[in-house]
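Structural features, examined
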Amino acid sequence: MGTKVAKFGGTSLADSEQIRKVQLLINADSERRYIVPSAPGKRDASDRKITDLLYLCHAQVRQNVPIGEVFTIIADRYREIVRDLNVGIDLEPHLEEIEKKISEGASADYAASRGEFLNGLILSALLDYDFVDPYEIIFFDKYGRLDSERSQTETKNRLSNHNKAVIPGFYGCSHDGKIKTFPRGGSDITGAIVAKGVNADIYENWTDVSGLLMADPNIVENPRPIDTITYRELRELAYMGANVIHDEAIFPVREAGIPVKIKNTNKPDDPGTLIVQDAGPVTHTGTITGIAGRKDFTVITIEKALMNAIVGYGRRLLSVIEVNGISFEHMPSGIDTISLVIPDSQLENKLDNILKEIQSECAPDSIEVNPNMALIATVGRGMARTPGIASKLFGSLAEKKINVRMIDQGSSEINIIVGVETDDFENAQRAIYQSFTG
Ligand code: ADP
Ligand code: ASP
Ligand code: MG
């Protein structure tokens, strides 16, 4: 018998009606043996995710605000799900313990992880699958990074004893034995680790859209779905904002050569998107696979005459940002200039100090700081060495009078990144999408 790992996202498990759909999907295919659930997400646009409410409880405790009111909203959502589905499970002792621990100052990671934990308990009872706590199989190292070797070994060993199991997403065990979560959206990573651990034939990622779309549907109206995409392209798009699947979820499945399928829980007959190592030649050159973007970057541009001839200039510059504990996203350079593109979140309270240190370490002729920059990635394996792509891309932006402030074509040749003003972020994506699909 084959093995499928199926991860279901928050909207797919937001209430009993959604969970029924999930149950039907799992029961329809006996190969769906390992199930990775998220916490209940939003039921409609104005609703709140359980994970957000759990983080809120934790924040309230830190501000000495009683959590009773918010915790009751959380508990009632689970109670309603258990009641509607008529599952024989008593969540009360768990709810009591979780409320107590959060009130007593348990960590944010502990609080957030309980969303997936409780949903996992419900699903394992409903499906009659074993419950495997990821705390026992997924491990982080002392730097807080996933210890993939240990996690893969433990996952493989442990799951070989379970023919069918539910493994909650999003969390594992820190190096000192505490609950630790992945970044937001991290249940996708759990699913990928489980898929590799059980050597799955396929990793199914069930969500609320019919696959990876060519652009963010919140920005571009009705973007076309992508039928097949490579791991590399997906990683570029996911990292740059196509958050239908977490970009770090690619690594375990890519190493093991396991294909990923993104599917819509609400429209299971839609084909979805297949993610593979080699998607074959593109049918016509000059096409792109997709567009994604992120806001909130600052660009620091350093100019120095004859920079190209000064040995070690780049190293001096990079060591300034290194000692300040900052990583950069891109580093476009010219003969006499280097720009560093840095996410604002990294720069908080550090910019003044960095500028001072660049001044003293690198003695530049000028330093320019441009905040409010947004980056847009246009990705496609079909674009390598295709001259028409760049002119179409830049032509579409020029036509809409959008000023391009930075260009970086990754050496991978499957990605052109442009920097635009934050105010142009949405329009730029619409313009690029139009030019390649219209
Ligand atoms: P889940 O809770 O199932 O993990 P997410 O909310 O994390 O779902 O991801 C799905 C959402 O990602 C979609 O509803 C959509 O709004 C958003 N999204 C952003 N960019 C894209 C894209 N290029 N293709 C598909 N969805 C996208
Ligand atoms: N529930 C977590 C979040 O909202 C993890 C996930 O959904 O993947 O980020
Ligand atoms: Mg997600």
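Treat the numbers as computed from the prediction; the structure is a model and nothing was measured.

What follows concerns the site of ligand 2. Taken together, Ser38, Lys49, Thr51, Glu116, Phe170, Arg184, Gly185, Gly186 and Ser187 form the complete shell of residues around ligand 2. Separating a nitrogen atom of ligand 2 from a side-chain N or O atom of threonine 51 is a distance of 2.8 Å. Contact between ligand 2 and glycine 186: an oxygen atom at 3.4 Å from a main-chain N or O atom of the residue. Considering ligand 2 on its own, with 260 Å² of exposed area, one finds that the protein chains cover 93% of that surface. Its residues placed into classes, the shell around ligand 2 shows one nonpolar, five polar and three charged.

Right, let's talk about empty space enclosed by the protein for a bit. Enumeration over the complete set of coordinates arrives at one cavity of 30 Å³ or more. Taken as a whole, the largest cavity holds about 40 Å³ of empty space. Lining the largest cavity, in full, are Ala14, Asp15, Ser16, Arg43, Arg77, Glu80, Ile81 and Asp84. Take the lining of the largest cavity: its biggest share by element is four residues, from helix H3 (residues 68–85). Its residues assigned to classes, the lining of the largest cavity shows two nonpolar, one polar and five charged.

Our next topic: the sheet that holds strand E3 (residues 130–131). The strand order E3-E4-E2-E1-E7-E9-E10-E8 describes an open sheet built from eight strands, whose pairing is mixed. At either end of the open sheet lies a strand with only one pairing partner, and these are E3 and strand E8 (228–230). Two elements, strand E1 (residues 4–8) and strand E7 (residues 202–207), share five bridges in a ladder whose sense is parallel. Bridging from a neighbouring strand, valine 5 pairs with tyrosine 203 of E7.

Once that is clear, we can look at helix H6 (residues 148–159). The end-to-end C-alpha distance of H6 is 16 Å, a good match for the 16 Å that 12 residues give at a rise of 1.5 Å each. For H6, the complete set of buried residues consists of Ser151, Gln152, Thr155 and Leu159. Mapping the buried residues of H6 onto a view down its axis gives an arc of 95 degrees, with all of them on the same face. The inward-facing, buried residues of H6 abut strand E2 (32–37), strand E4 (165–166), helix H7 (187–197) and helix H9 (250–256).

Surveying the vicinity of ligand 1 reveals 16 residues, the closest of which are Gly10, Thr207, Asp208, Leu213 and Asn218. At 2.8 Å from an oxygen atom of ligand 1 is found a side-chain nitrogen or oxygen belonging to aspartate 208. At 3.5 Å, a backbone N or O of alanine 215 approaches a nitrogen atom of ligand 1. For the shell around ligand 1, the per-class residue count stands at seven nonpolar, six polar and three charged.

Take glutamine 359: it is sitting in helix H12 (residues 351–362). Along the chain, glutamine 359 and leucine 397 lie 38 residues apart, while their C-alpha atoms are 35 Å from each other. Apart from residues no more than four positions distant in its own chain, glutamine 359 is found in contact with Pro364 and Ile367.

Turning our attention to the pattern of salt bridges. In the structure shown here, the tally under the stated rule is 20 salt bridges. A salt bridge links glutamate 31 to lysine 4; the nearest nitrogen and oxygen atoms lie 3.9 Å apart. Of this pair, glutamate 31 sits in the loop between helix H1 (16–27) and E2 while lysine 4 sits in strand E1, and the two are 27 residues apart along the sequence. For glutamate 31, a relative accessible area of 26% gives the class partly exposed. Arginine 79 is the partner of glutamate 92 in a salt bridge, and the nearest nitrogen-oxygen pair spans 2.9 Å.

By size, the foremost hydrophobic cluster in this structure holds 69 residues, and its most contacted members are Val5 and Leu212. Broken down by element, the residue count for this core peaks at six residues, all from strand E13 (residues 366–379). Contact partners of valine 5, with chain neighbours within four places excluded, come to Tyr34, Val36, Gly191, Val194, Ala195, Val198, Ala200, Ile202, Tyr203 and Glu204. Ranked by size, the runner-up nonpolar core spans 43 residues in total, among them Ile74, Phe117, Leu126 and Val166.

What counts and how
- Throughout, residues of each chain are indexed from 1 in the direction in which the sequence is written.
- All chains are assigned letters beginning at A, and all ligands numbers beginning at 1, according to the order in which they are written.
- Predicted model: local features are reported for residues with pLDDT of at least 70 only, side-chain atom pairs are reported and counted for 80 or more only, and whole-chain, interface and lining totals are derived from all residues.
- Values shown for side chains rest on all heavy atoms present in the structure; no hydrogens or waters enter the calculation.
- The cutoff for a nearby residue is simple: one of its non-hydrogen atoms must lie within 4 Å of the molecule or strand.
- Distance and chemistry together define a polar contact, namely a pair of N or O atoms within 3.5 Å, with one atom able to donate a hydrogen and the other to accept it when in protein, and with adjacent residues in sequence counting only for side-chain atoms on both sides.
- Shrake-Rupley sampling with a 1.4 Å probe provides the accessible areas, and residues are treated as covered by the protein chains on show and by no other component.
- Side-chain classes follow a simple rule in which Ala, Val, Leu, Ile, Met, Phe, Trp, Tyr, Cys and Pro form the nonpolar group, Asp, Glu, Lys and Arg form the charged group, and the remainder, Gly included, forms the polar group.
- The distinction between a cavity and a pocket rests on a 1 Å grid over the protein atoms alone: a 1.4 Å probe fits inside a cavity but cannot get out, while a pocket stays open yet meets protein on both sides within 12 Å along at least five of seven lines, and a residue with an atom within 4 Å of a point counts as lining.
- Grid points are joined across faces, edges and corners, and a volume is the space filled by probe spheres set on the points.
- Here a strand is any run of E in DSSP of at least two residues, a helix any run of H or I of at least four, and the numbering for each starts at the N terminus.
- Two strands form a pair only when DSSP identifies at least two bridges running between them.
- Take the residue count of a helix, subtract one, and multiply by 1.5 Å to get its expected span.
- Only protein chains enter the calculation, and the probe is 1.4 Å; a residue is then buried if its accessible area is under 20% of its type maximum, exposed if over 50%, and partly exposed in between.
- Picture the helix axis, draw a direction to every C-beta atom, and the arc is the one those directions span.
- Any two residues having at least one pair of non-hydrogen atoms within 4.5 Å are treated as being in contact.
- Salt-bridge detection follows one rule: a side-chain nitrogen of Lys or Arg within 4 Å of a carboxyl oxygen of Asp or Glu.
- Side-chain atoms within 4.5 Å link the members of a nonpolar core, which is a set of buried Ala, Val, Leu, Ile, Met, Phe, Trp, Tyr and Cys residues.

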